[in-house]
Amino acid sequence: MKNYVIKKKYLEKINKFKDSSKYYYEKSSPKIIDSEFDSLKIEILKLEKKYKFLKSEYSPANIVGYKPSKNFEKIKHKVPMLSLGNAFNEEDLVNFEKKIFNFLSLKNIESIEYSAEPKIDGISASLIYKNGKFIKGLSRGDGKEGENITENLKTIKDIPMAIEAKNFPKEIDIRGEVFIQNNDFEKINEKFANPRNAASGSLRQKNPSITSKIPLKFIAYTHGYEEGMKINTQSNFLKNLKIWGFKTNPLNRTIKGIKNLILNHENLEKKRKEINFDIDGIVYKVDSFELQKRLGFAANAPRWAIAHKFSANSSVSEILNIEIQIGRTGALTPVAKIKPVNIGGVMVSNATLHNEDEINRKDIRIKDTVTIERAGDVIPHVISVDLKKRKKNSKKFIFPVNCPSCGSKTVKDFNELTKKQDAVRRCTSEGYDCEKIAIEKIKHFVSKEAFNIDGFGKKIVENFWKINLVKLPQHIFKLDFKKIKLLEGWGELSASNLKFSIDKKKTISLERFIYSLGIRHIGQENAKLLAGHLKSSNNFFKLFQNESFNDLLNIDGIGDTQIKSIKNFLSNRTNLKVLSELKESLLINNVVQFNNNGLLKNKTFMLTGKLTGVSRAEAKSLIEKNSGKIISNVSKKLDYLIIGEKPTTKKINNAKKLNINVINQNEWMKMLNKTS
Ligand code: IVH
């Protein structure tokens, strides 16, 4: 074809693009359908790539005039973007509903309505609208802090730039999923393993004009912060999203009862292959916003929602070797190295074997032919061994009794709760004395939920350990960057970036600090409880000096197991050294209590007996929401003992002896300005 013919064709396309994009981006009635518009964009970009002489200011490559920046700006989500718990079967769903009934103190004859929404496997985004205008868009990030990806999001046609509907809230953070349809994914040239990676890659790259070339879609499904929204249910919210101009999932349903949820799940799973985008399950949300509010959140996920995953994909492969990995808490986890196999679009070469008992129960051996299962984001695991294919000379796998890293003895703990021996074998060496445990502890220390040091990934931890730069967490804050910039793969800029990220994290919340220490049984939730109780790092360090652990028993949720573990942690000299040196380098913020001016301010409560219509968990959350505190011992520190049905007489007597106010549910409700 002659150049001028090519140019003519190109300009025709550009004109069509220019014409339709006006409608496309301004969201009036589009002149062409979405897919046609997307194809047009791709055709133009392909032509430009092939014939370098083709250029136009109206090219989709130039839609957004935006200067790429090295890093995205980080912005805090006003309301955190949490994840969801998973359910895999009917039993999990029954438990999920049981917990809701218990928390709300409902009777089983009542039925809860759920909004059942197919869970699109994409990337979540938060869109902030003020007075009907799209002003800012963030990625999920670590759930608390996202990246400012506004310019990239603006290139997505499904995202309305302006909304005029009367009932659109004055300010709202609309959340949903950015994804690529399967047919579009096939058309794009870049090499991504699956549509999800392609969506993530194009959304988080630095040049919006590249994002605009990828046919990204957006489906809205929830909201974060809002002001002035008068909607009572999730199903109504979804209806309004549509009216406001967002795309919602046409397969959303409202459903009552577990049996019906399962029927819908089965139906959708059958249809899954025909749908033009990847879904990996169904999200169930309690439909009533009032109940959602009452139920609230556990550590990382709401109590009112769950993701019911679809059954996994599986493939057959061969075990090449069984390796023992040592975790942060010393747990020995066997991992099968398998002949790489494609399971549902993802290449898998490792599968967890969980623990020693699991290997024995299934008699899993090296060289066995096994079926491997992979469900969504869950680590692949071995489900069965094909004994017919077992080689004659195969030998039973002997689980090591000594730690493969440091040679220490390993043990299986006795679980006081279940009165059984743990299935997990652990290295008995104390923390940093075992190389593998030490490395894992440092990885935990810098991880997202702990210090969250940007750019300090697992590989760097391993590398810095090997070359003796970081052997203990405190070394991170004393790094010699003049040395680092001379290391292979490093330079002036990367070293100064790392220094910047580390310096930024020298100020930290008490909650994160406690969590980052990696004390066994002190996860995020318990770290939060401890921080909330202790309030300042001074109290935290004092606690260690005086060994006044018993005070911690007053914290509802902290028990003997946790206290024993903290004591154990502090009986180790290296841990004490870590603590005192970290204290020198860091500024640990005191706990600021939001709403510390509630109706129950500075008052402590304890419950005994059953309350009517309010579960123990909800009572606790009500007290905390109103700035009160729950404690679990009758002592001088207690202000009120709330008594329900069948209380413990001993507690009442003790309380009376100490002159503590003993009140009933009604009196407590009055304190909250509620009457029942
Ligand atoms: S609601 C706290 N609704 O699933 C509520 N999430 O594991 C959480 N997702 O990060 C979000 N479809 O990326 C919600 N209809 C839907 C969803 C959905 C997909 C994703 C989302 C979120 C993850 C939760």
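These lines cover the structure that appears in this document, whether it is placed above or below. (Residues numbered from 1 in each chain as written. Predicted model: local features only at pLDDT ≥ 70, side-chain atom pairs only at ≥ 80, totals over all residues. Heavy atoms only, no water.)

As for the pattern of salt bridges
The line we're drawing: Salt bridges, as used here, are contacts in which a Lys or Arg side-chain nitrogen is within 4 Å of a carboxyl oxygen on Asp or Glu. Only DSSP runs of H or I with at least four residues qualify as helices, and only runs of E with at least two residues qualify as strands; both kinds are numbered from the N terminus onward. Here the term buried applies to any residue with accessible area under 20% of the maximum for its type, exposed to any over 50%, and partly exposed to those in between, with areas from a 1.4 Å probe on protein chains only.
Applying the stated rule across the entire model yields 36 salt bridges. For the salt bridge of R361 with E358, the shortest nitrogen-to-oxygen distance reads 2.7 Å. Taken together, the residues span about one helical turn, with R361 and E358 both in helix α11 (residues 356–362) at a distance of three residues. Residue classification places R361 among the exposed positions, given a relative accessible area of 62%. Among the ionic pairs, D413 bridges to R520, the shortest N-O distance being 3.1 Å. In this pair, D413 is assigned in strand β17 (residues 410–415) and R520 in the loop between α16 (510–516) and α17 (524–534), connecting sequence segments 107 residues apart. A relative accessible area of 24% places D413 in the partly exposed class. It is possible to trace a salt-bridge network through shared partners that takes in D363, R365, D368, R390 and K396.

Some thoughts on the environment of R328
Which entries qualify depends on this criterion: What makes two residues a contact is simply this: any of their non-hydrogen atoms within 4.5 Å. Side-chain atoms alone can form a polar contact between residues adjacent in sequence; in general such a contact is a pair of N or O atoms within 3.5 Å, and within protein one must be able to donate a hydrogen while the other accepts it.
Of note, R328 is situated in the loop between β12 (313–326) and β13 (332–343). For the pair formed by R328 and N468, sequence separation is 140 residues and the distance between their alpha carbons is 19 Å. Apart from the residues lying within four places of it in its own chain, the contact partners of R328 are I437, E440, K441, H444 and G518. Of the polar contacts made by the side chain of R328, one reaches the backbone oxygen of G518; its length is 3.2 Å.

Focus: the sheet that holds strand β23 (residues 640–643)
Strand pairing within a sheet occurs via backbone hydrogen bonds; the two strands may be parallel or antiparallel. Just so we agree on the cut-off: Paired strands, as defined in this entry, are two strands with at least two bridges between them according to DSSP.
Spatial ordering of the open sheet is given by β22-β21-β23-β24, a layout of four strands whose pairing is parallel. Unpaired on one side and paired on the other, β22 (629–630) and β24 (661–664) mark the two borders of the sheet. Relative to β23, strand β21 (residues 604–608) is paired through four bridges, and the arrangement is parallel. Residue M606 lies in a different strand from β23, and its bridge partner there is L641.

Thoughts on the packing of aromatic side chains
As a reminder of what qualifies: A pair of Phe, Tyr and Trp rings is counted when the ring centres sit within 6.5 Å of each other, with Trp represented by its six-membered ring. The angle between the planes then sorts it: under 30 degrees is stacked, over 60 is edge-to-face, the rest tilted.
Tallied over the full model, the rule gives 20 aromatic pairs. Relative to F451, the ring of F445 has its centre 4.3 Å away and its plane inclined at 20°; by these criteria the two rings are stacked. F451 shares its class with F445; the two are buried. Through a chain of ring-to-ring contacts, the aromatic side chains of Y129, F134, F168, F237, W244, F246 and F289 assemble into a single cluster.

Regarding the sheet that holds strand β5 (residues 133–139)
Put simply, the test is: Geometry is summarised by axes, namely lines fitted to C-alpha atoms with helices restricted to the contacting stretch, and by angles between N-to-C directions that run from 0 to 180 degrees.
With antiparallel pairing, the four strands of this open sheet are ordered in space as β5-β4-β7-β8. A strand with exactly one partner marks an edge of an open sheet, and here the two such strands are β5 and β8 (216–227). Strand-to-strand twist of the sheet, defined as the mean angle between neighbouring strand axes without regard to direction, takes the value 25°. Relative to strand β7 (residues 171–180), strand β4 (residues 123–130) runs antiparallel, the two being bridged by eight bridges. Considered in β7, the bridge of S124 is made with E177. On the sheet, helix α6 (residues 195–203) packs against β4, β7 and β8 and is oriented at approximately 130° with respect to β7. In this fold helix α8 (residues 234–244) packs onto β7 and β8, with an angle of close to 120° to the strand it touches most, β8.

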